[in-house]
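Observations on the three-dimensional arrangement
Each chain, written out:
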Amino acid sequence: MRTFKLLTLALLSIVFIVLSSCSSDNPTNNNPQGDFAFLNIGNWWIYERYVIDSAGNKSGDSYFDSTFVTETEVVLGRTGAFKVKTENEGIEDIEDYYYTEGEKCFIHSDFINHTLKIMLKEMYDKLPISLEDMWVKLADYNNDSWLVKVDSIPPTEIVTGVTINGIFQVSGRKGITKNITVSSKSFNAQEFKLFFTFEGYISLAPTVKQTFTITIHSWFDKKVGILLQTYDESKFAVPLFGTYMFEGFEKKLLRYNVVVIINE
């Protein structure tokens, strides 16, 4: 079991190393809003958060998270990046930065670190690698899919006598639309998916392809923001060691206060 934990930690460290070298599809100008209108200082959202299983069924207790826009800052050369703070019930509070351009929405790469910290829980503190600063495209209404980066991982020793090699890919995809009701109001929400995928081989089973994926679904309304966000349960099976499960969860918008500013 200890060897398996070391193997899992080493694999995730490689994921962090590879992702930290990625170059995102960055914004090309400093318009802070684009066609999105939900970002404005003082706007707030209340979400219900709960664990879900592989079928998407709710499991266990619910928690309530409060998200609000606090200010704008210059982040990675982009003026008007919106600082968004979330007070999470039962877990650590976080701060994210959003930036929009036209019909694209970007989020600062700390979002990925926060996500892994929540999903991995106590294991996250054992990882020595953190993601470097970059903008990651979260949504794009005008493209069905986008590739952030593909990197090759050469044979790398993760524990004594055990190596891993393969491909790590970061990508996004436009999904379906569906009606989501919030505070008795129905929205035709657009889904966007963000994928973090490793495919490769472990020297213990050199002919068996192994896959590790984290998938995040974000359902947007341009004027209100994210109505629903789902983090799929996932797993990574390692020959001779077993399977490590990543707990999935979901955040559903309950109520909000959004003052919309329309760009002339």
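Starting from 1, residues in each chain are numbered consecutively following that chain's sequence as written. The predicted nature of this model means local features are confined to residues of pLDDT at least 70 and side-chain atom pairs, given and counted, to a pLDDT of 80 or more, with totals for whole chains, interfaces and linings taken over all residues. Hydrogens and water are ignored here; the side-chain numbers use all heavy atoms of the structure.

Under the scheme used here, helices are H or I runs from DSSP no shorter than 4 residues and strands are E runs no shorter than 2 residues, and both carry numbers assigned from the N terminus. Across its full length, the protein holds 2 helices and 14 strands. Classification of residues uses two cut-offs on accessible area relative to the type maximum, computed with a 1.4 Å probe and protein chains only: under 20% is buried, over 50% is exposed, and between them is partly exposed. Among the 264 residues that make up the protein, the fraction classed as buried is 51%. Only carbon and sulfur atoms are counted for the fraction: they give 48% of the accessible area of the protein, which is about 12300 Å². In these tables, accessible area is a Shrake-Rupley quantity obtained with a 1.4 Å probe, and a residue counts as shielded only by the protein chains included in the view.

Below, the discussion takes up the nonpolar core. Of all hydrophobic cores here, the largest spans 50 residues; its most connected members are Trp45, Tyr98, Phe196, Phe220 and Leu227. Of the residues forming this core, the biggest block, 7 residues, is contributed by strand β9 (residues 185-202). With near-sequence residues (within four places) excluded, Leu227 lies in contact with Tyr47, Ile180, Val182, Phe187, Ala189, Trp219, Asp221, Lys251, Lys252 and Leu253. Val75, Ala81, Phe106 and Trp135 belong to the second largest nonpolar core, which has 6 residues in total. Only buried Ala, Val, Leu, Ile, Met, Phe, Trp, Tyr and Cys residues count toward a nonpolar core, and they belong to the same one when joined by side-chain atoms within 4.5 Å. Note on contacts: a residue pair qualifies if any of its non-hydrogen atoms lie within 4.5 Å across the two residues.

In this analysis the probe radius is 1.4 Å and the grid spacing 1 Å, with only protein atoms considered; a cavity is a set of points the probe fits into but cannot get out of, a pocket is an open set with protein on both sides within 12 Å along at least five of seven lines, and lining residues have an atom within 4 Å of a point. Grid points are joined across faces, edges and corners, and a volume is the space filled by probe spheres set on the points. Per the stated rule, a full pass over the model turns up 2 cavities of 30 Å³ or more. Estimated volume of the largest cavity: approximately 310 Å³. Around the largest cavity sit 24 residues that line it, and Thr67, Thr86, Tyr98, Gln229 and Lys251 are the ones nearest its centre. Elements that contribute at least two residues to the lining of the largest cavity include exactly β1 (44-52), β2 (58-75), β3 (78-87), β4 (94-101), α2 (110-120), β11 (225-231) and β14 (248-257). Charged means Asp, Glu, Lys or Arg here, nonpolar means Ala, Val, Leu, Ile, Met, Phe, Trp, Tyr, Cys or Pro, and polar covers whatever is left, Gly included. In terms of residue class, the lining of the largest cavity is made up of 13 nonpolar, 7 polar and 4 charged.

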